[in-house]
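# Residue-level structure breakdown
Residue strings, one per chain:
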Amino acid sequence: MPNHLINMVKKELREIFRDPRLFLGMIIVPLLIFPLMGSAIRVSTEATKQYNKIDTGVMNLDTTDGNYSLSIQFLTILRSVNITAVNITVQPVDTAIRWCIEKNINLLIMIPGEFTELILEGKSSQVVAYQVLKNYGLLEMEGSTQIGAAISAFNSMITAERLKQSYPNSTGEDLLTPARVNMKSVINGKISDVSPQSVITTLLSTSMSMPMVIMILIIMASQLAATSIAMEKEQKTLEVLLTLPIKRIYILIGKITGVIIVSLVATLSYIAGFTYYMSSFTPDPSGIVDLEAAGLSPDPAGLILMMVSLFLSFLSALSIAILISAYTKDVRSAQSLVGILYIPIMIPAIVLMIAPVDILPPLLQGVIYGIPFSYPILAAKAIYTKQYLIILLGIIYELLFTSIILLIATRFFASEHLLTARLEIRRRKKETAE
Amino acid sequence: MRPDTGIRIENLVKVYRGGIRGVDGINLSIRQGEIFGLIGPNGAGKSTTLRILATLLLPTEGRVNILGYDVVRDQMRVRKVISYLPEDAGAYENLTGREYLEFMAGFYEGDQKKMIERGVRIANLKERIDSRIKEYSKGMKRRILIARALMTVPRVAILDEPTAGLDIMHGQYIRKEIKRIIKDTGTTAIISSHNLLEVEYLCDRVSLIHHGKIIETGTSSELKTRYSAINLEDVFLKVVEGVRDAQSSY
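Calculation notes
- Residues numbered from 1 in each chain as written.
- Chains lettered and ligands numbered in written order.
- Predicted model: local features only at pLDDT ≥ 70, side-chain atom pairs only at ≥ 80, totals over all residues.
- Helix = DSSP H or I, 4+ residues; strand = E, 2+ residues; numbered from the N terminus.
- Rg over C-alpha atoms; globule rule 2.2 N^0.38 Å.
- Buried ≥ 20, exposed ≤ 12 C-beta atoms within 10 Å, placed from the backbone.
- Contact = placed C-beta atoms within 7 Å.
- Domains from an automatic or database assignment.
- Nonpolar A, V, L, I, M, F, W, Y, C, P; charged D, E, K, R; others polar.
- Pairing = 2+ DSSP bridges.
- Axes fitted to C-alpha atoms, helices over the stretch in contact; angles between N-to-C directions.
- Core = buried A, V, L, I, M, F, W, Y, C linked by C-beta atoms within 7 Å.

## A short note on the overall build of chain A
- Scanning chain A for helices and strands turns up 17 helices and 6 strands.
- Compactness check: chain A gives a C-alpha radius of gyration of 32 Å against a globular reference of 22 Å for 434 residues, more than 25% above the reference.
- Along the first, second and third principal axes, the C-alpha atoms of chain A reach 100 × 55 × 45 Å.
- Expressed as a percentage of the 434 residues in chain A, the buried residues total 31%.
- The contacts in chain A between residues at least 6 apart in sequence include a share of 77% that link residues at least 24 apart.

Given below as structure tokens:
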């Protein structure tokens, strides 16, 4: 009777959406927490940008005439890396540092007197930088990083100029990097201009985030399913429900359907919050690869297969969660007991985030292939590489596993054990006490 | 089985895991339209018997028929004709009283709108029928549960301590409603209660159950005459003490 099923699902949804603990925890909190985290990151990033415009005191002791002075060229490079040079005439260094602290300048660079002279003679000269440490935070390392970059650029410039004297027709870039490699990727038999490193990095970032999302989703839904049946016991509504003219399988499916609908809403809430959170980071454009252009986009058939795999994983996890929670007397015990289920959910997610399944030791491979929750994670990567066989085999395995679990759950729901399982445990305890 | 038999229990035994005998060879026959009372001390086997009738527990031995349907083989048919109210039942806290009645009515054939209207009238919660059940007092919860059990006009009502938790006024109101609905509709009812005045008021016949066995059955007046008792409470005490004396002398 589908009407009975609809009636059951409607009740489940009303119960869950009106429960402030569940509604706040699963839907509202992700919508608040992620944007709050994102805003905090934006504020910190802005603060960092302000800090990046570093005022630096410069004690230029180089005595070479302005036109030939290499220190002047060095200062020009410093400005290009966002350092504002403030000329300091006071001496010695101790006095200059005190002057900088008074003026709230935290970095002092001292260019030695023979700077140009030594370099032109083919020797090295040492610039000394003094960082005033106040907060001992990571940002106080920024000055030395930028000076390092400036020195590196200055050295390349000098080296290129020296080499040009021997090779007047060459460019500085050619002289500095006489041999280069242009890495291309061959994807599904087609040559792509994108480097394999970029392709793999982008693909890994996708296949690493997907297991996390799937893991969170299944854990969340299992908690909800366990809560749903335990709530019937805690509120003492189960006995009446089981005497109504509705098939027990509909009660089970009604509960699972309600949980899946709420989980989908919660997922959308997570995605919305998480997308905002991720937009807080400024991505490095050089590291992003258009997987579609590189021939690595999943096609609709692959996406459908992955969704089927994910759905079956959901079904089996929810059925197990309901079975486990049927042995508990209240919501709290159900939520604790269902924690057992997190182990098989987390193992494949964590392992497959780090390494592909085929390089794992045989025993671990067996464990991964034996856990049904591994397959949506394997599918998440396989849809990019078009390895549909593993997805199909996974679906067959999941189908078998889920059918067995659903059969056990249905049998359990149809038996008196749903009601007496806990009572029997309690009775046994009593007997032992007597 | 006679055609007018509503409930028939033959040699009913329920042994729980661990060997505890919840019910130990009960035989009962209840006529259609009869209100039958089941009284006995705590742990006597009243609730176990009612749970077996309600298809929640399976008998270890014996047979139970409700309107000709076997509670083991024809569970779904039995569920269509019964309405069961457990002693310590609860209701969905996040639904309103009306939504709860709507949800329950949704599983029965017939005019569901009428069922809900009847339920609202029996519960007599006035405007509070549209408040969430978690805001109800214990008595209000019990009233909505009784309304749920009776609104479908079941052919067999199985009521375990129907007025437990109700104050005197509401208890009396509900007792009258139970009697009126059951008598008006010809419903067969089996009621378990510790309130022996209630049993005397509601029930046509009564059985005394002790240690999982029926030890007396009859109308209230028959039992009172048999034990020279002034009321059912007196009968109950004399019967239970009699059993105890017999056991100790043995």
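## What to know about the domain arrangement of chain A
- If you check the domain split of chain A, you get domain 1 (2-32 + 194-427) and domain 2 (53-176).
- One C-alpha centre belongs to domain 1 of chain A, the other to domain 2 of chain A; they are set 57 Å apart.

## A look at the interface of chain B and chain A
- Counting from both sides, the interface comprises 28 residues of chain B and, opposite them, 23 residues of chain A.
- Going through the elements one at a time, α2 (75-81), β6 (82-85) and α3 (97-105) of chain B are the ones with two or more residues in the side of chain B that touches chain A.
- The element contributing the most residues to the side of chain B that touches chain A is α2(B), with 3 residues.
- Residues of the side of chain B that touches chain A, tallied by class, amount to 17 nonpolar, 5 polar and 6 charged.

## Here's the deal with the sheet that holds strand β1 (residues 5-15) of chain B
Residues and elements named next belong to chain B.
- Spatial strand order, β2-β1-β4-β5: 4 strands in an open sheet with antiparallel pairing. Looking at the sheet topology across the chains shown, the edges are occupied by β2 (21-31) and β5 (69-70).
- Sheet analysis places strand β4 (residues 61-66) next to β5, joined by 2 bridges and oriented antiparallel. When the bridges of β5 are listed, N65 appears paired with D70.
- Packing of helix α1 (residues 46-53) onto the sheet brings it into contact with β1, β2 and β4, and relative to β1 it is tilted by some 120 degrees.

## Considerations on the nonpolar core
- By size, the foremost hydrophobic cluster in this structure holds 141 residues, and its most contacted members are A:I218, A:A317, A:L318, A:A321, B:L53, B:I158 and B:I190.
- Non-local contacts of B:I190, meaning those with residues more than four positions away in its chain, are made with B:I7, B:I30, B:F36, B:L38, B:L50, B:L53 and B:I158.
- Of all hydrophobic cores here, the second largest spans 19 residues; its members include A:I88, A:A96, A:L108 and A:F115.

## Considerations on the environment of B:V23
All names here are of chain B.
- If you trace the backbone, V23 turns up in strand β2.
- Classification of V23 as buried rests on a count of 29 C-beta atoms within 10 Å.
- Discounting chain neighbours no more than four positions away, the residues touching V23 are L12, V13, K14, G45, T48, T49 and G212.

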